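Observations on chain architecture
Spelled out, the chains give:
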Amino acid sequence: MNPTPQVISNDEKVANEYVNQVFEIVKNRNPYEFEFQQAVKEIFDSLIPLFAKDPIYMKHNILERIVEPERLITFSVPWVDDQGNVQVNRGFRVQFNSALGPYKGGLRFHPSVNSSIIKFLGFEQIFKNALTGQPIGGGKGGSDFNPKGKSDREIMRFTQSFMTELYRYIGPDVDVPAGDIGVGAKEIGYMFGQYKKLRGAFEAGVLTGKSIGFGGSLARKEATGYGLVYFVQEMLKDNGLDFEGATVVVSGSGNVAIYAIEKAQQFGAKVVACSDSNGYIYDPNGLNLDTVKQLKEVEEKRIREYVEIHPGAEYYEGCTGIWSIPCDIALPCATQNEIDAESANTLVVNGVKAVGEGANMPSTIEAAHVLLENGVLYAPGKAANAGGVAVSALEMAQNSMRLSWTFEKVDQKLHEIMHNIYLSSTEAANEYGHPGNLLVGANIAGFKKVAQAMISQGVV
Ligand code: GLU
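Residues numbered from 1 in each chain as written. Predicted model: local features only at pLDDT ≥ 70, side-chain atom pairs only at ≥ 80, totals over all residues. Heavy atoms only, no water.

1. So, the overall build of the protein
Rules: Helix numbering and strand numbering both begin at the N terminus, where a helix is a DSSP run of H or I of at least 4 residues and a strand a DSSP run of E of at least 2. For every residue, the accessible area (1.4 Å probe, protein chains only) is compared with the maximum for its type, and the residue is labelled buried under 20%, exposed over 50%, or partly exposed between those bounds. Should any heavy atoms of two residues lie within 4.5 Å, those residues are counted as being in contact. Per-residue and other accessible areas were derived by the Shrake-Rupley procedure at a 1.4 Å probe size, with only the shown protein chains allowed to occlude residues. Lys and Arg are tallied as positive, Asp and Glu as negative. Neither His nor the chain termini are counted. A charge is said to be at NZ when it belongs to Lys, at CZ for Arg, at CG for Asp and at CD for Glu.
The secondary structure content of the protein amounts to 17 helices and twelve strands. Expressed as lengths along the three principal axes of its C-alpha atoms, the size of the protein is roughly 65 × 55 × 45 Å. Residues counted as buried form 57% of the 460 residues belonging to the protein. Once local pairs closer than 6 in sequence are excluded, the contacts in the protein between residues at least 24 apart make up 72%. Accessible surface for the protein amounts to roughly 17,900 Å². Of this, 49% is attributable to carbon and sulfur atoms. In the protein, which carries 42 positive and 53 negative side-chain charges, the distance between the mean positions of the two groups comes to 7 Å.

2. Re the nonpolar core
Note the following rule: We define a nonpolar core as any set of buried Ala, Val, Leu, Ile, Met, Phe, Trp, Tyr and Cys residues linked to one another through side-chain atoms lying within 4.5 Å.
Ranked by internal contacts, the top residues of the largest apolar core, which has 101 residues, are Phe-51, Phe-123, Leu-331 and Phe-447. Of all hydrophobic cores here, the second largest spans 22 residues; its members include Val-249, Val-272, Trp-323 and Leu-439.

3. Digging into the site of the ligand
So the rule is basically this: Any residue with at least one heavy atom within 4 Å of a molecule or strand is counted as near it. As used in this structure description, the phrase polar contact means that two N or O atoms lie within 3.5 Å; if the pair is within protein, one of them must be able to donate a hydrogen and the other to accept it, and residues adjacent in sequence are counted only when both atoms belong to side chains.
Around the ligand, the structure places 14 residues, and the nearest of them are Lys-104, Lys-128, Gly-179, Asp-180 and Ser-392. In this structure, Lys-128 approaches the ligand through a side-chain N or O atom, which is 2.8 Å from an oxygen atom. Within the contact set of the ligand, a nitrogen atom lies 2.9 Å away from a backbone nitrogen or oxygen of Gly-179. Considering the ligand on its own, with 290 Å² of exposed area, one finds that the protein chains cover 93% of that surface. At the level of elements, strand E3 (103-109), helix H5 (115-132) and helix H15 (387-401) are the ones that each hand at least two residues to the shell around the ligand.

4. So, the sheet that holds E3
For clarity, the threshold we go by: Only strands joined by at least two bridges in the DSSP assignment are considered to pair. Helix axes are fitted to C-alpha atoms over the stretch in contact, other axes to C-alpha atoms as well, and angles between N-to-C directions run from 0 to 180 degrees.
Read from one edge of the open sheet, five strands run E1-E2-E4-E3-E5, paired in mixed fashion. Two strands bound the open sheet, and with one partner strand each, they are strand E1 (71-80) and strand E5 (175-178). For this sheet, the mean inter-axis angle between neighbouring strands, taken without regard to orientation, is 20°. Where E3 and strand E4 (residues 138-143) come together, three bridges link them in parallel fashion. Its bridge partner being in E4, Leu-107 is matched across the sheet by Gly-141. Against the sheet, H5 touches E1, strand E2 (86-97), E3 and E4, its axis set at about 150° to E4.

5. Quick notes on the sheet that holds strand E12 (residues 377-379)
With mixed pairing, the seven strands of this open sheet are ordered in space as E9-E8-E7-E6-E10-E11-E12. The outermost strands of the open sheet, each flanked by one partner alone, are strand E9 (314-317) and E12. Adjacent strand axes in the sheet meet at a mean angle of 15° when their direction is disregarded. The sheet contact formed by strand E6 (residues 247-251) and strand E7 (residues 270-275) spans three bridges and is parallel. Its bridge partner lying in E7, Val-249 is registered against Ala-273. Along the sheet, helix H9 (residues 255-266) makes contact with E6, E7 and strand E10 (329-332), crossing E7 at roughly 175°.

6. Here's the deal with the pattern of salt bridges
When the charged atoms of two side chains with opposite charge come close together, those side chains can pair. Note the cut-off: Here, a salt bridge means any Lys or Arg side-chain nitrogen found within 4 Å of an Asp or Glu carboxyl oxygen.
What the rule picks out here adds up to 19 salt bridges. The salt bridge involving Arg-108 is made with Asp-180; its shortest N-O contact spans 2.7 Å. Of this pair, Arg-108 sits in strand E3 while Asp-180 sits in the loop between E5 and helix H7 (185-199), and the two are 72 residues apart along the sequence. One salt-bridge network, in which partners are shared between bridges, spans Glu-42, Glu-124 and Lys-382.

7. Description of the confidence of the model for the protein
For the record, the criterion: Residue-level confidence of the predictor is summarised by pLDDT, bounded by 0 at the bottom and 100 at the top.
Looking at the protein as a whole, the pLDDT averages 97, with 98% of positions reaching at least 70. When mean pLDDT is taken per element in the protein, E5 scores highest with 99 and helix H3 (residues 56-59) scores lowest with 91.

8. What to know about unusual backbone geometry
With a phi close to 50°, Glu-300 is a non-glycine residue in the positive phi region. Relative to the helices and strands, Glu-300 resides in the loop between helix H10 (289-298) and helix H11 (306-309).

9. Structural notes on the environment of Ala-393
When you line up the elements, Ala-393 lands in helix H15. For Ala-393 and Lys-104, which are 289 residues apart along the polypeptide, the C-alpha to C-alpha distance reads 8.5 Å. Apart from the residues lying within four places of it in its own chain, the contact partners of Ala-393 are Gln-134 and Ile-136.

10. Points about the packing of aromatic side chains
Condition: Aromatic contacts are taken between Phe, Tyr and Trp rings whose centres are within 6.5 Å, Trp giving its six-membered ring; a plane angle under 30 degrees counts as stacked, one over 60 as edge-to-face, and the others as tilted. Any Lys NZ or Arg CZ that is within 6 Å of a ring centre and within 35 degrees of that ring's normal is treated as a charge sitting over the ring.
Under the criterion given, the structure shown has 26 aromatic pairs. Residues Phe-96 and Phe-123 carry aromatic rings whose centres are separated by 5.7 Å and whose planes lie at 55° to one another, so their mutual orientation is tilted. Taken as a pair, Phe-96 in strand E2 and Phe-123 in helix H5 lie far apart in primary sequence, 27 residues in all. By relative accessible area, which is 1% here, Phe-96 ends up buried. Aromatic rings pair up to connect Tyr-18, Phe-36, Phe-51, Tyr-57, Phe-96, Phe-123, Phe-127 and Phe-447 into one cluster. Taking NZ or CZ as reference, Lys-263 lies 4.3 Å from the ring centre of Tyr-226, over its face. Above the ring of Trp-405, the side-chain terminus of Lys-413 is found at 5.1 Å from the ring centroid.

11. Observations concerning the side chain of Thr-291
Among the secondary structure elements, Thr-291 is positioned in helix H10. Judged by relative accessible area, Thr-291 falls into the buried class, the value being 10%. A distance of 2.7 Å separates the side chain of Thr-291 from the side chain of His-310, its partner in a polar contact.

12. With respect to the pairing of E3
Keep this limit in mind: When the strands point away from the viewer, a crossover counts as right-handed if the path from the first strand over the helix to the second runs clockwise.
Most of E3 is tucked away: seven of the seven residues are buried. Sheet topology note: the E3/E5 ladder contains four bridges and is parallel. Within the sheet, the bridge partner assigned to Gly-106 lies in E5 and is Ala-178. The parallel pair E3 and E4, bridged by H5, forms a crossover whose chirality is right-handed.

13. Considering the state of the cysteines
Our working definition: Sulfur atoms of two cysteines make up a disulfide when they are within 2.5 Å.
Counted by the stated rule, this structure contains zero disulfides. The thiol sulfur of Cys-327 is not disulfide-bonded, and the nearest other cysteine sulfur, from Cys-333, lies at 12 Å. Residue classification places Cys-327 among the buried residues on the basis of a relative accessible area of 5%.

Structure below.
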């Protein structure tokens, strides 16, 4: 596998200079937004081989346009806690790019949320959504509200207040939010109720990730985790490897992690570890997924409780230590920048063969380089975790038709979509001279779709 592009030809030199110039503008215009700068830098570096071969994209100044959100909305979210105190949080929605369809992307409720986080996520979403082949643009939103430890009533009051402002900017053909960290079916349900009340209309397609009873899609809950494993399985098979018999480490224990574990186990892997924001568990016999589901999905407890039920397992405080567990396949499904260069090196030394990203941007740029340079098969998040948003688009399609498909039908479509993303990423990597480098391939394939639509639609 080739490492990240080395500048070789004159055309590449010109492209490299152009990309660096635009990146300087991005840094000046978005000072202190380091996560956003990181996401932009990663894409820009991957595009050098494209611009060298097809200079048309430089002529249209697509790069300068694509890094500017079409709209960034921030608002206050006042709410009353159970003690009667008035609280206020900050709400965000970035409507980044609508070249391919209505803005689409999740809402994240987490104390770390700020405009840099929302913009990095929204920027990634543009290319991820393009890769799915579904008619969806890129958006993202959220709040610095921390749902941990809040009562159901507090969560309801907060989400209602959040939607009281957001509702005027969204709609089934305008912008369709969904879940992300801290936002699941419960929060989506409360937000849908508030939207319905404010609009005076039942517009099922305004949000995705709804419960099954009122317009949700079967297999949406499983989609990101299953899709990740489908994608990684394609990559493994192409290289004569398989999940069957492999030892797997998964970080996180939310929706993405749980269904990645489920599908990896179904494919015959032994998953030995998972984590939450406090620490990680290591079960050398293979995780008992029923226990993980019971703790996290039903009882909303900490992952450390697992070792009380399974004394053969061990619990360790802190999150990065999970990458020191020897494994064949690592699936980071927790959060951004959870694998740095040091953790990537540890994985390499311990013989990891593949890394598949279920979270958004879980590897730093340096970590991705370490993996690629050491011949590790690397499935970047915007390709590998696109299954969630892809099935959200299928939920929108079902809502428009006012019908619902079976689990098997949605799952089969998900499988096809992940297969196609793998193919288009691989083909782009080959076409632009970096065979096997899915980071370059996915970024180029996603960018080309969006850029071509932007050129066709004129300067708007
Ligand atoms: N939050 C998910 C993502 O990062 C899903 C977004 C959606 O379904 O709209 O892609």
